[in-house]
Amino acid sequence: MLSFATRRFGLSLLILFVAVTVMFLMIRAVPGDPVQIMLGPRATPELQAQLTAALGLDQPIWKQLLIFYGNLLQGDLGTDVFSGRSVTDIVFQQLPFTLELIFASILWSASLGIALGAYAAAHPNTLIDRIAAAISVSFVAAPAFVVALLALLVFAVHLQWFPAIGAGEGFWDRLDHLVLPAFAIGLSWVGYIARLVRASMLEVMGESHVRTARAFGIAERRVVMVYALRIAILPVVTVIGVGMGFLLSSAVFAEIVFARPGLGKLVIDSITTRNYPIVMGSVLISTALFVVSTALADLINALLDPRARTAH
Amino acid sequence: MEKSRSELGQIIIGVARDPLGLMGLIIVGVIVFCAIFAYWIVPYDPIAMDIKSRLQGPSAAHLLGTDQLGRDTFSRVIAGGQVALKVALPAVFGAMAIGLTLGMIAGYGPKWLDNLLMLFFDTIRSFPTVMFALAVVALIGPSLQTVVFVVMATSIPTYGRVARTQTLTLRNSEFILAERSMGASMARILGVHMLPNIIGVLAVLAAMDIPTVIALEAGLSFLGLGVKPPTPSWGALLKDGYSLIRQTPWLVVGGGLPIILATLGFTFLGESLRDVVDPKLRKQR
Amino acid sequence: MTDTLLEIDHLSVDYETGRGDLKALRDITFDVNKGEIVGIVGESGCGKSTLISSILRLTAPNTRFREGEIRFKGQDLLQSSERHMRELRGADISIVFQDPMQTHNPVLTIGQQMLDIQHRSKQSKPDKLAHAAKMLGAVGIPDPEARLKQYPHEFSGGMRQRIAIAMALMSEPDLLIADEPTTALDATLEVQIIERLQELQREFHCAILFISHHLGVIAELCERVVVMYAGAVVESGEVREIFHNPKHPYTRRLIECDPGHIKERARVLPTIPGEVPDLANLPGGCIFRDRCDQAMARCATEVPPLDQLKEGHHAACWLNHEEVTT
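Residues numbered from 1 in each chain as written. Chains lettered and ligands numbered in written order. Predicted model: local features only at pLDDT ≥ 70, side-chain atom pairs only at ≥ 80, totals over all residues. Heavy atoms only, no water.

## Here we look at the overall build of chain A
Then comes step 1: Scanning chain A from N- to C-terminus turns up 15 helices and 0 strands.
Then comes step 2: Along the longest, intermediate and shortest principal axes, the C-alpha atoms of chain A span 85 × 55 × 35 Å.
Then comes step 3: Taken across its 312 residues, chain A has 51% of its residues classed as buried.
Then comes step 4: Residue pairs in contact within chain A that sit at least 24 positions apart in sequence constitute 73% of those at least 6 positions apart. (Helix = DSSP H or I, 4+ residues; strand = E, 2+ residues; numbered from the N terminus. Buried < 20%, exposed > 50% of the residue type's maximum accessible area, 1.4 Å probe, protein only. Contact = heavy atoms within 4.5 Å.)

## So, the sheet that holds strand β9 (residues 224–229) of chain C
All names here are of chain C.
Then comes step 1: Strand order in the open sheet made by the 8 strands is β6-β7-β8-β3-β9-β10-β12-β11, with mixed pairing throughout. At either margin of the open sheet sits one strand with a lone partner, and together these are β6 (93–96) and β11 (307–310). Strand-to-strand twist across the sheet, computed as the mean angle between neighbouring axes with direction ignored, equals 20 degrees.
Then comes step 2: Pairing analysis gives 6 bridges linking β9 to strand β10 (residues 232–238), with the strands arranged antiparallel. Its bridge partner lying in β10, M228 is registered against V233. (Pairing = 2+ DSSP bridges. Axes fitted to C-alpha atoms, helices over the stretch in contact; angles between N-to-C directions.)

## Looking at the sheet that holds strand β1 (residues 4–17) of chain C
Residue and element names in this part refer to chain C.
Then comes step 1: The 4 strands lie next to each other as β2-β1-β4-β5, forming an open sheet whose pairing is antiparallel. This sheet does not close on itself; its edge strands, each paired only once, are β2 (20–33) and β5 (75–76).
Then comes step 2: In this fold helix α1 (residues 48–56) packs onto β1, β2 and β4 (63–72), with an angle of close to 115 degrees to the strand it touches most, β1.

## A word on the arrangement of the chains
Then comes step 1: Among the 2 pairs of chains that make contact, the interface with the largest number of contacts is formed by chains A and B.
Then comes step 2: Between chain B and chain C there is no contact; the minimum C-alpha to C-alpha separation amounts to 19 Å.

## A closer look at the interface of chain A and chain C
Then comes step 1: Residue-level contacts link 21 residues of chain A with 26 residues of chain C.
Then comes step 2: Of the roughly 2100 Å² buried between chain A and chain C on both sides combined, carbon and sulfur atoms contribute 63%.
Then comes step 3: Contact with chain C buries surface across chain A, with A215, F216 and Y227 of chain A losing the most and accounting together for 30% of the total.
Then comes step 4: In this assembly, chain A and chain C are joined by 1 salt bridge.
Then comes step 5: Along the contact surface separating chain A from chain C lie 10 residue pairs in polar contact (both at pLDDT 80 or more).
Then comes step 6: Among the elements that take part in the side of chain A that touches chain C, helix α9 (residues 208–215) of chain A stands out by supplying 6 residues, more than any other.
Then comes step 7: Per-class residue counts for the side of chain A that touches chain C are 9 nonpolar, 5 polar and 7 charged. (Buried area = accessible area lost by both parts, 1.4 Å probe. Salt bridge = Lys/Arg side-chain N within 4 Å of Asp/Glu carboxyl O. Polar contact = N/O pair within 3.5 Å; in protein donor to acceptor, adjacent residues only side chain to side chain. Nonpolar A, V, L, I, M, F, W, Y, C, P; charged D, E, K, R; others polar.)

## Let's talk about the packing of aromatic side chains
Then comes step 1: In the structure shown here, the tally under the stated rule is 14 aromatic pairs over all chains.
Then comes step 2: Arranged with centres 5.9 Å apart and planes meeting at 45 degrees, the rings of F120 of chain B and F121 of chain B form a pair that is tilted.
Then comes step 3: By relative accessible area, F120 of chain B is classed as partly exposed at 38%.
Then comes step 4: Consider the rings of F222 of chain B and Y242 of chain B, whose centres lie 5.7 Å apart with planes at 65 degrees: the pair is edge-to-face. Highlighted residues: F222 of chain B in helix α9 (residues 186–222) and Y242 of chain B in helix α10 (residues 234–243), separated in sequence by 20 residues.
Then comes step 5: Residue classification places Y242 of chain B among the partly exposed positions, given a relative accessible area of 23%.
Then comes step 6: Here a set of aromatic residues connected by ring pairs shows up, and it is made of F145 and F253 of chain A together with F222 and Y242 of chain B. (Phe/Tyr/Trp six-rings, centres within 6.5 Å; stacked < 30°, edge-to-face > 60°.)

Set out below in structure tokens:
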């Protein structure tokens, strides 16, 4: 039943493997000794040799790659150059903050987008539909980090309705801290999803099973909300799954703007300190996140759409 | 040539008839005009410091006030548009050219090559764009060229995939089969017959891609990983504005609004172009 | 009250389009009595679909009812409230659509869909499910309880059409509209479906309006037949009478093109040279003129009226008038 999903997952793993290898080789291909860059020009030769050995950089490249794969399979992403802590630990400590933010963003934007799109499809070519369409296009165009900055300026600095920095403590405080960044990330998705749902809803409403449902006198509400919408939202799941990379990118900026802990903040901080193992680890985890979310979207689609379970 | 020129005219007329398209056309026109004639428009040198008049609000002398170094924000906004287009245009056209070539090869070439290229596209796509950009910048250091490269690399797959799909559909169309049976070379088929049919679709994609690229350039500059100071860039304005957000709102507004305006303009234009050039594409998005 | 169930009375329906009104139905008149099977035959585009959606009032937004009435049990459906229409749909009037592969919702189980259409019933859910299973059994679906849990794509086309029939008969309607229910199926399945429909009709005593472009099936199943061409009725009457003594050249051509017997029929539509006239720009005179090999000068100028030739046999052709006059 799940052979399609497993094949997709296999392909995803292959992509992940290629991505990791490319990443690894890219880091090694950079001109200049990474150790020297990391330690700065004033480091002693002993210290440099020590770090080179610690990072395994004295080995030939293919061996480094093999060791890297081996460690990776054991969930070991290396060690932080400065603190000596495991990169895996550091990354997974930050990951929940990012996931929380992405989840909140998708939750509000998908709910609103689906509602808007379904409404527009039920009243096509009315004034409200046109206004919704214009707003959708404008929202799609708004880059998350600019929205984040403007939201920070207006709602946190000037109106002081919401906190400006951090992730908060305790459920309500955390939720309070989520509002502005999730708003900024989700805004462009509202318009995007609304347009998607409108188009797919109009298509589904024209299919003959909808005519059948109506011919049996099933209430129009139920026809729209159950018979048509359940099919019309299927592409939304796929789009969100594939859009995970985009969401992550937005999250990076939102984390910087609102000084929230998370993967984005971690990466930026490690880039400024040239902490390559952490950069590598975060990029890897976020790539994996993307691959997993695409596979997850396939699975959810299979759950929602019985045809997808046996198709392919 | 004469024919294609009149076709272009038709397309522009079609876009201008659509209210959204006209708005897009005007916004993009203004931005391009300001970028080309930035040197003559700016009231002040965008990188000239004037410590005495730092952090001012809007006034007759400084339309959008000044930054922490006394530089005129309005001048920096205008000059920043030039930088934005300097990154966006080469990046988008470069990505389009490479994507087109690879996509046509994938669509027309042998199956194994197709699979390989698709894997390549999927791999690039699976790197979250910003993470990829950050990784590259971290490795080779921030500069205008780095930003162009990163942006180009991340958008190649989009063009490649569309070019491939178009090539695959065209490949078995009657007129191509007829050409092949008459012994036309592969270069002739791809260059003379397929290219004109694919380029329109890609041009629409490019117009819709420019906002993404502008936003990415601004984003990287905002993080301090894009163009180097003191080059005026909308992202750099936002970076300064962010650190001074409690002192003055004008830097954030001055950096943010042109980005939103530019993305709006190009998106409207792209949407309208798509409807005029190829209504079928509406469904694919 | 007579035993007439459905009366279509001088019905004219247009579609408003960008290039003018499309005259989809013009002056259609016929009726269906209680418990009777009436066939409607005609090529694609003859207005059958418009007729069905008009009866159910499930029409596209650009539909305009120009003239006439559709009376069901004496009440004009075109004047009925939307609420009244919804009460009729799937209760007193049911329908089986043409393409069984598209007719069910793909993401809901058959059981769920059969539950949903019993929305008027006050029965408990298990009772409704039992009723659904019983109906599936009645149309010949083996192991109905288990199959209620399955999704449409897990059934073959023939099975799906039988499910559609089961769903349509579930409320014991007075009128069943069958819109080319066998067109998408192969010949052996067609025979099965037709036979099943006959049995069920005897059991449930409903009237059936059976639409087909295939005269053989109509002959097998129906008592009376209405022949439609380009949005108008060209001939109507008893099946036997029409088959043995067709009074319109179009009917004659349909019979000639038909292999005659349902079990040997070819899977092709009747082919008559020429094209159906443009409904947005109708020519004057007889609508069949361009394709008729017996057309006369008169056919180009005057529209032939649908005249009664015999008790219950009507045809719209000038040839019959010649017979009468000479």
